[in-house]
Amino acid sequence: MLTGGKAEHVRAKPRVYTFLPEELWLKIASQFPLCDWVRASGTCNALHHMELDKIEEADIYTDSRNCIPGISAEHLAHNLQQLLRKAEHVHCMQLSPSYGLCYPAMLHLRHLALYLKEEYDSDLTFLQNLQEAENLHLSSVFYPLIMKVDTVPFLTANDWVAGGCKGPSQQPAPVCHEGL
Amino acid sequence: MCSVILRSSDGADHVVSQEAASLSKTVQSLLEELEAAKDGEESILIVPLPNVCDCTLRKVLQYCIQHTMSAQQVTEGPTPSDELKKREMEAWDRDYIMVSTDELYHLVMAAHYLNVPGLLELCCEGIANLIRGKSPEHVRQCFGLVKDFEAPEEESIRCTNLWALVDEKEQAKK
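Chain B appears in an unreviewed UniProt entry as SKP1-like protein from Coccomyxa subellipsoidea. Recorded in UniProt for chain B, the comment headed Function (unreviewed entry) runs: "Involved in ubiquitination and subsequent proteasomal degradation of target proteins. Together with CUL1, RBX1 and a F-box protein, it forms a SCF E3 ubiquitin ligase complex. The functional specificity of this complex depends on the type of F-box protein. In the SCF complex, it serves as an adapter that links the F-box protein to CUL1." You can read under Pathway (unreviewed entry) in the UniProt record for chain B the words "Protein modification; protein ubiquitination."

An unreviewed UniProt entry lists chain A under the name F-box domain-containing protein, with Coccomyxa subellipsoidea as the source organism. Heading Subcellular location (unreviewed entry) of the UniProt record for chain A holds this comment: "Cytoplasm, Cytoskeleton, Cilium axoneme".

Asks: Please provide a residue-by-residue account of the confidence of the model for chain A, values included.
Replies: All names here are of chain A. Per-residue pLDDT for chain A has a mean of 62; in total, 44% of the residues score no lower than 70. The secondary structure element of chain A with the lowest average pLDDT is helix H7 (residues 157-162), at 38, and the one with the highest is helix H1 (residues 22-29), at 84. Note that pLDDT drops below 50 for residues 63-67; the model gives that stretch 15 contacts with residues more than four away or on any other chain. Note that residues 156-180 has pLDDT below 50 and, in this model, 53 contacts with residues that lie over four places away or in other chains.

Asks: Which residues make up empty space enclosed by the protein, and what are the values?
Replies: Residues and elements named next belong to chain B. All told, the structure shown has 2 cavities of 30 Å³ or more when counted by the stated rule. If you add up the space inside the second largest cavity, you get close to 40 Å³. Surrounding the second largest cavity, Leu6, Ala20, Ala21, Ser24, Val27, Leu57, Val60, Leu61, Cys64 and Leu114 form its lining. Listed by contribution, the elements that provide at least two residues to the lining of the second largest cavity are helix H1 (18-21) and helix H3 (54-75). When residues in the lining of the second largest cavity are grouped by element, the largest group, 4 residues, is from H3.

Asks: I'd like a description of the packing of aromatic side chains, backed by residues and values.
Replies: One pair of aromatic rings is described through two measures. These are the centre distance and the angle between the planes. As enumerated under the stated definition, the model contains 4 aromatic pairs over all chains in all. With a centroid separation of 6.0 Å and an interplanar angle of 70 degrees, the aromatic rings of Trp25 of chain A and Phe143 of chain B are classed as edge-to-face. In this pair, Trp25 of chain A is assigned in helix H1 and Phe143 of chain B in helix H7 (residues 136-143), connecting two distinct chains. Phe143 of chain B shares its class with Trp25 of chain A; the two are buried. Of the aromatic side chains, those joined through ring pairs into one cluster are Tyr63, Trp92 and Tyr96 of chain B. Stacked on the ring of Tyr96 of chain B, the Lys or Arg Lys59 of chain B has its end atom at 4.2 Å from the ring centre.

Asks: Could you give an account of the packing of helix H6 (residues 117-131) of chain B against H7 of chain B, with specific residues and numbers?
Replies: All names here are of chain B. Where H6 meets H7, the axes come as close as 9 Å, and the angle between the chain directions of the two elements is 135 degrees. Overall, the two elements H6 and H7 adopt an arrangement that is oblique. Every residue of H7 that contacts H6 at Ile127, Leu130 and Ile131 is listed here: Val139, Cys142 and Phe143.

Asks: So what's going on with the sheet that holds strand E2 (residues 13-17) of chain B? Which residues, and what values?
Replies: Residues and elements named next belong to chain B. Read across the open sheet, the 3 strands follow the order E2-E1-E3; overall the sheet is mixed. The open sheet has two edge strands with one neighbour each: E2 and strand E3 (45-48). Neighbour-to-neighbour, the strand axes of this sheet turn through a mean angle of 30 degrees, independent of strand direction. Both strand E1 (residues 3-7) and E2 contribute to a ladder of 5 bridges, which runs antiparallel. Paired with Leu6 across the two strands is His14, which belongs to E2. Across the sheet, helix H2 (residues 25-38) is in contact with E1 and E3; its angle to E3 comes to roughly 135 degrees.

Criteria and thresholds
Residues numbered from 1 in each chain as written. Chains lettered and ligands numbered in written order. Predicted model: local features only at pLDDT ≥ 70, side-chain atom pairs only at ≥ 80, totals over all residues. Heavy atoms only, no water. UniProt positions renumbered as here; feature names shortened; annotations may be inferred. pLDDT = per-residue confidence, 0-100. Helix = DSSP H or I, 4+ residues; strand = E, 2+ residues; numbered from the N terminus. Contact = heavy atoms within 4.5 Å. 1 Å grid on protein atoms, 1.4 Å probe; cavity = no way out; pocket = protein on both sides within 12 Å on 5 of 7 lines; lining within 4 Å. Points joined across faces, edges and corners; volume = space filled by probe spheres on them. Phe/Tyr/Trp six-rings, centres within 6.5 Å; stacked < 30°, edge-to-face > 60°. Buried < 20%, exposed > 50% of the residue type's maximum accessible area, 1.4 Å probe, protein only. Lys NZ or Arg CZ within 6 Å of the ring centre and 35° of its normal. Axes fitted to C-alpha atoms, helices over the stretch in contact; angles between N-to-C directions. Parallel < 35°, antiparallel > 145°, perpendicular 65-115°, else oblique. Pairing = 2+ DSSP bridges.

Listed below in C-alpha cells is the structure:
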C-alpha cells in the first residue's frame, strides 16, 4: 500500500487533491449514491475517467429523484445503463425505481434492492439471470409484475403475498430474501 | 506492554504500545523486519515513517490508541454493554473525523500509506460526506480540483449527467 512520493504531506500546497490515488477515489466513490458519483465525475478529467469497473463493493443507487422536470425516463435509463455497464463488478446495488434498464450482466451482484415502478420485462430477465444473489430486497406498486415474479427461480408468488402484496391497489411491503 | 517509537517525517518521536502501532499493517511489517534484524538486543524499536508528518501522525495514533483500548475492553469478556461500547466508538469516530478538509486529506493519505483499514474506511466516508449532494462546482472548490475538460467534452458530459445535476433547491421546492 505504499504510495511513494505522492504521499508527501506538504502543508504549503494544500487543496491539490487530484493526487489522491485512484484506489482512494474508488473507495470514496463506493460510499455515495450513483447521482453523487455522476456529479463528482463531472468535475475534472481525472474523476471522469475513473475506472468504475474496478469497484467491487459499491452501494450504487439512485435516490428518489425519479421525476426530474425536463428529463425523460429514456434519457435517465440510457445514462444509468452506461454507468452500470462500467460498474459491472459491483456486489451490492440499490435501484429505485428500476427504469426498465437493459441491465448489463452483473454476475457478481450478491445484494440487490430493486423497486419496480412499472412493468418491465428487462427487470424479470435481470432477476432470472442473477447467479450470485444472496440478499434480495424487492418492492413494487405494480401488481401484475408481482404475479410474474414466480417465474424467477428463487422467488415465488407466495413470498410476495407474505411480503404484504394482496392486490393491485395495495403497495406491497418490501420482501427480503436472505441466503438464497 | 512492549513499546515502540514511531518517528515522523519531521523527526518527532512518538512512544506507543506495539499493539496500537500494529493497527497499521505497514508499521507491523516494518516491526517484524526490525525484530528480525535486532538480533536479541533489548533496545526499543524505532520505526521511521518518512511519509507522515508529526501533526498527522499524532492524529493517526489517537485513532490507533483509542481503538486498541476499545478492543481490549471488549475482548476481556462480552457483556451486555458491548453494544453500548460499540455505539460509543461509533460516536467517537464521528467526532474524530470532524476535521478540516486539509486535515482530512493528510489523514486519508497517511491511513493509506500506513495501511490502517478502519481509519482508511472512516476517512473515505468523511470525504464522501463532503461530496454528497454537492454540485460539481462545489466539489471542485472543496477539493481544489481543476476543470480540465475541452468545451465540447464538457457540454457532452453536462448533457449526459443532466439528471444528476438538478438543482437541490429546485428538488426541495418540489
